Amino acid sequence: MIRLPACWLVAALASAVPSATVQADAPPTAVVRVGTHQGYSRIAFNFSSHTEYALTQEGEHVVIRFPDNAVVGAANAVPRDVVSITGGVGKAEIVLAAGAAVRHWRAGNLVVIDIAPTETSAEKPAAGQAGAVLQAKPAQSPASLSPGPPTTASPEVAAKATGPSAQPLQDVASGSSGASSKPVAEAVSDAKGSLAKPSQDSTISTPGASVTVPPPRAKSEATGVAHGDTSPPPVPNQATAPDATLAPPPAASPPEAAAPAQATADTEGLLVPAGIQVGVAVLRRGTTGLIVFDQPGAIDLSTVRDDPHFGSATVQTLQTATVIRLPLDASIALTPTRTRDAWRITAAPLEPALRPIQASVADDRLVLRAMQPGAVVSLLDPETGAALLVGTQRQPGQGVPALRRSAEFNLLPTWQGVAIEPNADTIALRPGPQGFIVSGATAISPPSDIAEQLSHSVGLARLFDFPNQSVSALLQLLARQVSDNAAAPPLARGARRQAAARTMIALGMGAEASAMLALAAADDPHLADAPDNAALGAIAALLAHRAEDAAGIADPRLPASDDVALWRAMRQAELSQDPAPAAAIFATTMPLVLAYPAPLRDQLLPLIAETLVAGGETAAAMALLDACKDDAALDLARAMLQESKGDVPGALAAYDLLARSRDQSVHARAAVRAAELRLATGAIDAKQAADRLEPLLYAWRGDSQERALRSRLAALKASSGVWRAAFALLRDGETLFPEDKAAIHRELTDLFASLLRDGAADALPPLELVAAVEENADLLPGGADGEALQAKLADRLVALELPKRAAPVLEKLMKAASGGARAGFGARLAALRLREGDAGGAMVALEASIASDLPASVTERRALLAAAADERRGDVPHALATLGALDSPAALEARAAILERSNNWPGALQALTDYATKTVPSEGQLDDGQRRTLVRLATAAARAGDDAALASMREQAIPRMGSGPLADLVRLLTAEKVRGTADLRRSGQEAALARDLASQLPPRPTAPQTP
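Parameters at a glance
- Each residue is numbered by its place in its chain's sequence as written, counting from 1.
- Side-chain atom pairs in this predicted model are given and counted only at pLDDT of 80 or more, local residue features only at pLDDT of at least 70, and totals for whole chains, interfaces and linings cover all residues.
- Only heavy atoms go into the side-chain values, all of them from the structure, while hydrogens and water stay out.
- Strands are runs of DSSP state E lasting at least two residues, helices are runs of H or I lasting at least four, and both sets are numbered from the N terminus onward.
- A simple rule labels every residue: compare its accessible area, found with a 1.4 Å probe on the protein chains alone, to the largest value its type can have, and call it buried under 20%, exposed over 50%, or partly exposed in between.
- Pairing between strands is defined by DSSP: at least two bridges between the two strands are required.
- The pairing test for Phe, Tyr and Trp rings, Trp by its six-membered ring, is centres within 6.5 Å, and the orientation test on the planes gives stacked under 30 degrees, edge-to-face over 60, and tilted for anything in between.
- Nonpolar cores were defined as sets of buried Ala, Val, Leu, Ile, Met, Phe, Trp, Tyr and Cys residues, with membership established by side-chain atoms within 4.5 Å.
- Throughout, an axis means a line fitted to C-alpha atoms (over the contacting stretch in the case of helices), and angles, computed between N-to-C directions, take values from 0 to 180 degrees.
- Only four residue types enter the charge count, namely Lys and Arg as positive and Asp and Glu as negative; His and the chain termini do not.
- By definition, a salt bridge exists where a carboxyl oxygen of Asp or Glu is found within 4 Å of a side-chain nitrogen of Lys or Arg.
- By definition, residues are in contact when any of their heavy atoms lie within 4.5 Å.
- Between 65 and 115 degrees an angle is taken as roughly perpendicular, under 35 as roughly parallel, over 145 as roughly antiparallel, and anywhere else as oblique.
- Throughout, the ten residues Ala, Val, Leu, Ile, Met, Phe, Trp, Tyr, Cys and Pro are labelled nonpolar, Asp, Glu, Lys and Arg are labelled charged, and all others, Gly among them, are labelled polar.
- The span you would expect from a helix comes to 1.5 Å times its residue count less one.
- Whenever two N or O atoms come within 3.5 Å, that pair is a polar contact, provided that in protein one can donate a hydrogen and the other can accept it, and provided that, for residues adjacent in sequence, both atoms are side-chain atoms.
- Left-handed describes a crossing whose near helix is turned anticlockwise from the far helix through less than a right angle; right-handed describes the clockwise counterpart.
- Confidence of the predictor at the level of single residues is given by pLDDT, which spans 0 to 100.

Draft legend 1. The overall build of the chain, seen in detail. Looking only at helices and strands, one finds 35 helices and 34 strands in the chain. Across the 1011 residues in the chain, those meeting the buried criterion constitute 48%.

Written out as structure tokens, the structure is:
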């Protein structure tokens, strides 16, 4: 029997279940409690010690920041006037209802957030009360869960639920509504007491009612919390469980039974409106998809019977849950998403991108770290008929990517939430502050007597067997197989060549195995479309570092075995920028790798170790690295582990040493990580980081490593202001990686938009900006947001005072755009050409950018430009006709200016009168612009000889003109005619005033102004 070295056995034991090591200096952890009392809602973050915090608010989004290592657990409920509460590391986020107000304060180790009610919600029940979780909507609404009859507690149970331990937190802030008159210290003591561990009681509080825990029970589909648990549920405490001491207000009288809600399915999936407290779990069991809501309700699916995915779905209403079951093809995945008041489930042939729910062991309990855990539901497995324990979540995005097995339970793959398949009646699943807790197993860690089994991965399902012998024996086997293939009849060579390919894979000969499998498929038509042959070809491609050619491992016809999951994770680790999903699968399937032949194992372990560290599976990575200290191939993973632990000097020293490696891949990756770490710690800036990374483009070429480096380098160059080089890097990437061209082009578009949106264009030298825009005009985004960016860019180009450079760029942008954007670019190009005196070119630009359904402001601006161009070309009648169709102040002023320059003073007087009517108020003081309008009006009246208009201005305008040159000029223009010798003295004074004003007033413009 071939035995693996002791280091592999130790690593295998450690990787089977996460490490139970608890750090001595545990980070501060907050238990989140909520309550509603005295007219407002309260959220309390209860830390074990004094913890600093800072609160910021933008609209309805509130962020409370704690120290970076503080862990904020999940809230036990969501109170009134709050949309969601999200915990995490270093912060918590609260989304408020519209109009809600926030007040925050500290009480000892408590950080308390009070939310004042909105006007519309003051009389509504809190989100945690009966009937507020799953709301039935009118028949015209999409699918919803109708609430069942509320559970009414007995008087004895109700009395327990409202006892002293259930009193809400008291407000200790002085001067606030409902504030306590107790001293602060006493009030703080009361506040802490309300969150303390309740007495051992068989009564627990649930939304809307208090219920009594039943006596010990056997397996049941409706137990809801534990499977076969022979004792009452664990009593909540500060560190591990949601708070049960904040009793809700007394339940209202039972409402009338709601009719089953109509379900709808459209191109965006099945929509199920539900309150923000409704959790969902989504998973596949065999050929059945399960959608589990953790509240009972009724759904009418009669309106979705024609839907290809949900048409055959059925609904089962349990005592504590609602389950939708539907036949599900192996190639289809379900993806849950959350809107403000509904869950949407979509079916698609692509697996959703998930953040894995990671596991850790503490105090003989397995903790599954999930955000916003909901309730636990017990239901029957449609595949085996056994009981399943399903934990729901109130927010999407997390799931279990791979099956995890232990002696007493299996952790099943899910698209959301967790699902436990118990193999023992003692297993229980319940929600906790940081996710879900699995308890009741007699041995969380594997016993020592299974080491022999782990060394051959007997506990994991395998589809492919590779000969596990010494290298010399494998080479001899391969020589015999190749010889036998040559001697075999042509139609009998397929299976023999596939066997030879397995031996090549065992030797790590990926390219050779790919060629052999291609020959096998050519010889045997049965193998040409066989999923196992395609999967072996994918494995060979992965060994040859051609992950893009390994699509065969994703064939949905392959069984759900552990080694198939392992190789799919290998491909995902090579292609994806997110290591977490692959790391979660590696943590459970690593024993398979340890049982592989040494050449194959040695090729796989470096990528697995690095992915485990990068994906957050630190316990499994530590066990592997600590057990194999002499394996130099894992040195990069060791350096990454040092970095993840905060040992920056040690990590940098290791990276710098590896950057001198002769292995080009290790050299490039280590140098990149060293530069990124120095940038993150402030040792270098973005420009210096880019200078260090740029030479590495030539150290390793042609795969996802270069692809990722180009994107990162482009971002660094953009942040340091070298925009043209950033665009050039991505442009080259489009050519070098044609299969990723669409994704790279999206990066280019986003980068170009950030140049315009973030004000970076204003900091570029004019010639640099013009060149960058000219080279990347095709990157301008479309839509309303894109049009705003295009307008900003055009205005910036026009303002550069570089018409000979800006005009060609604007023309290029105009031709590339369409609709309103095209019309806008045409208007700016026409304005630029008018400034240069090219009236004909301006008209050409306007005619080339005609578009329909333009906004009124754009239409007006184009008309003003066309009129100015016509006037410059001498076609004054056409200019006046163009402006005559408009009645805006700008059009009236432009019409008056044309008439003034044409010495058509009666027409100018009428146009200025209309313009003054719209722009000069009839009462009150006048600003400088309004006084100038009256000067122009008086001038036109005087030149037109309109005595009536002049007399009217003497009476109405002069008293409001005040003093100064403009007022004097209006007095001069509107003065009465000299009618006799008595007026001679006044005439002389007016002549002297005219001489003085000539030097004080600006000249009248003689050329049309560009709109």
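Draft legend 2. The pairing of strand β6 (residues 82–86), seen in detail. Of all five residues that make up β6, five are buried, and the element is covered over most of its length. With four bridges connecting them, β6 and strand β8 (residues 91–96) associate as antiparallel partners. In the strand pairing of β8, Thr 86 is matched with Glu 93.

Draft legend 3. Representation of the packing of aromatic side chains within the structure. Tallying each qualifying case throughout the model produces six aromatic pairs. Aromatic pair Phe 45 and Phe 66: ring centres 5.6 Å apart, planes at 55 degrees, arrangement tilted. Linking Phe 45 in strand β2 (residues 40–47) with Phe 66 in the loop between β4 (61–65) and β5 (71–75), this pair joins segments that are 21 residues apart in sequence. Per residue, the accessibility class of Phe 45 equals that of Phe 66, and both read buried. Among the aromatic residues, those joined into a cluster by ring pairs are Phe 45, Phe 47 and Phe 66.

Draft legend 4. Quick look at the nonpolar core. One finds Phe 466, Trp 567, Phe 586 and Leu 604 to be the most contacted residues of the largest nonpolar core, which totals 68 residues. Counting 59 residues, the second-largest nonpolar core is a separate cluster that includes Ala 659, Ala 686, Ala 807 and Leu 834.

Draft legend 5. Representation of the sheet that holds strand β25 (residues 358–362) in the model. Here we have four strands laid out as an open sheet, ordered β25-β26-β34-β33, and antiparallel in their pairing. Only two strands of the sheet have a single partner each, and these edge strands are β25 and β33 (428–432). With strand direction ignored, the average angle separating the axes of adjacent strands in the sheet is 25 degrees. Judged from the four bridges that link them, strand β26 (residues 365–369) and strand β34 (residues 435–439) form a sheet pairing that is antiparallel. Considered in β34, the bridge of Leu 366 is made with Val 438.

Draft legend 6. How the structure looks around the side chain of Arg 862. Structurally, Arg 862 is set in helix α27 (residues 856–872). Among buried Asp, Glu, Lys and Arg side chains, Arg 862 stands out as unpaired, with Glu 847 the closest opposite charge at 9.0 Å. Apart from the residues lying within four places of it in its own chain, the contact partners of Arg 862 are Ala 823, Gly 826, Ala 827, Leu 846, Ser 849, Ile 850 and Leu 854.

Draft legend 7. Layout of the packing of helix α18 (residues 704–719) against helix α20 (residues 741–757). Two elements in contact, α18 and α20, have axes separated by 12 Å at closest approach and are oriented at 5 degrees. On the basis of their axis angle, the class for α18 and α20 is roughly parallel. Seen from α18, the contacting residues are Arg 707, Ser 711 and Ala 718; seen from α20, they are Ala 743, Ile 744, Glu 747 and Leu 751. Classifying every residue of the contact of α18 with α20 gives four nonpolar, one polar and two charged.

Draft legend 8. Molecular detail of the pattern of salt bridges. Applying the stated criterion across every chain, the model contains 34 salt bridges. Put simply, Arg 285, Asp 381, Glu 383 and Glu 421 are held in one network by salt bridges that share partners.

Draft legend 9. Seen up close, the sheet that holds β4. Strand order in the open sheet formed by four strands is β3-β4-β8-β6, and the pairing between neighbours is antiparallel. In the strand order of this sheet, the two ends are held by β3 (54–58) and β6, each with one partner. Sheet twist, expressed as the mean angle between neighbouring strand axes with direction ignored, is 15 degrees. Bridge count between β3 and β4: five bridges; the pairing is antiparallel. Bridge pairing links Glu 58 to His 61 in β4.

Draft legend 10. Examining helix α16 (residues 664–680) more closely. The end-to-end C-alpha distance of α16, which contains 17 residues, comes to 24 Å, matching closely the 24 Å that a straight helix rising 1.5 Å per residue would cover. Looking at the buried residues of α16, the elements they touch are α14 (635–644), α15 (648–658), α17 (686–693) and α18. Structurally, the start of α16 carries an N-cap: the backbone nitrogen of Ser 665 is 3.0 Å from a side-chain oxygen of Asp 663. Residue Gly 682 follows α16 closely and has a positive phi angle near 80 degrees.

Draft legend 11. Fine view of the packing of helix α9 (residues 531–543) against helix α10 (residues 562–575). Taken N-terminus to C-terminus, the directions of α9 and α10 make an angle of 40 degrees; their axes are 11 Å apart at the nearest point. Here α10 runs oblique to α9, going by the angle between their axes. Seen from above, α9 lies across α10 with left-handed handedness. Mapping the contact onto sequence places Ile 539, Leu 542 and Leu 543 in α9 and Trp 567, Met 570 and Arg 571 in α10. Class assignment of the residues belonging to the contact of α9 with α10 gives a composition of five nonpolar, no polar and one charged.

Draft legend 12. α18, seen in detail. Over its 16 residues, α18 extends 23 Å from the first C-alpha to the last, a length consistent with the 22 Å expected when each residue adds 1.5 Å. When α18 is considered as a whole, its buried residues turn out to be Glu 706, Arg 707, Leu 709, Arg 710, Ser 711, Leu 713, Ala 714, Leu 716, Lys 717 and Ala 718. Those residues of α18 that are buried lie in contact with α16, α17, α19 (723–736) and α20. Within two residues after α18, Gly 721 carries a phi angle of roughly 90 degrees, on the positive side.

Draft legend 13. How the structure looks around unusual backbone geometry. Backbone geometry places Asp 853, a non-glycine residue, at a positive phi of 55 degrees. A positive phi angle, near 60 degrees, is found at Asn 903, a position not held by glycine.

Draft legend 14. Region of the structure containing the environment of Trp 343. Within the secondary structure, Trp 343 is located in strand β23 (residues 342–348). Since its relative accessible area comes to 0%, Trp 343 is described here as buried. Distance from Trp 343 to Leu 271, taken between C-alpha atoms, is 5.9 Å for residues 72 residues apart in sequence. In this structure the side chain of Trp 343 is engaged in a polar contact, spanning 3.0 Å, whose partner is the backbone oxygen of Val 278.

Draft legend 15. Spotlight on the pairing of strand β28 (residues 387–393). With seven of seven residues buried, β28 lies mostly within the body of the structure. Burial of β28 is two-sided: the residues Ala 387, Leu 389, Gly 391 and Gln 393 facing one way and the residues Leu 388, Val 390 and Thr 392 facing the other way are all buried. Bridge count for strand β27 (residues 373–380) against β28 is six bridges, and the pairing is antiparallel. Pairing of Leu 380 across the sheet is with Ala 387, part of β28. Hairpin connection between β27 and β28: a loop of six residues separates the two successive antiparallel strands, and Gly 385 in this loop has a positive phi of roughly 80 degrees.

Draft legend 16. Focus on the confidence of the model for the chain. Across the chain, the average pLDDT comes to 75, with 74% of residues at 70 or higher. Confidence drops under pLDDT 50 across residues 119–144; counting only partners more than four residues distant or on other chains, this segment forms 65 contacts. Between residues 148–259, whose pLDDT stays under 50, and residues either more than four places distant or in other chains, the model counts 180 contacts.

Draft legend 17. Local environment of the environment of Ala 942. Relative to the helices and strands, Ala 942 resides in helix α31 (residues 928–944). With relative accessibility at 32%, the residue Ala 942 sits in the partly exposed group. Spatially, the C-alpha atom of Ala 942 lies 9.9 Å from that of Pro 906, the residues being 36 residues apart in sequence. If sequence neighbours within four positions are ignored, Ala 942 has contacts with Leu 950 and Leu 973.

Draft legend 18. Seen up close, the environment of Val 564. Looking at the element boundaries, Val 564 is found in helix α10. Considering only alpha carbons, one finds Val 564 and Thr 589, 25 residues apart in sequence, at a separation of 9.9 Å. Those residues in contact with Val 564, other than ones at most four positions away along the chain, are Leu 463, Ile 553, Leu 558 and Pro 559.

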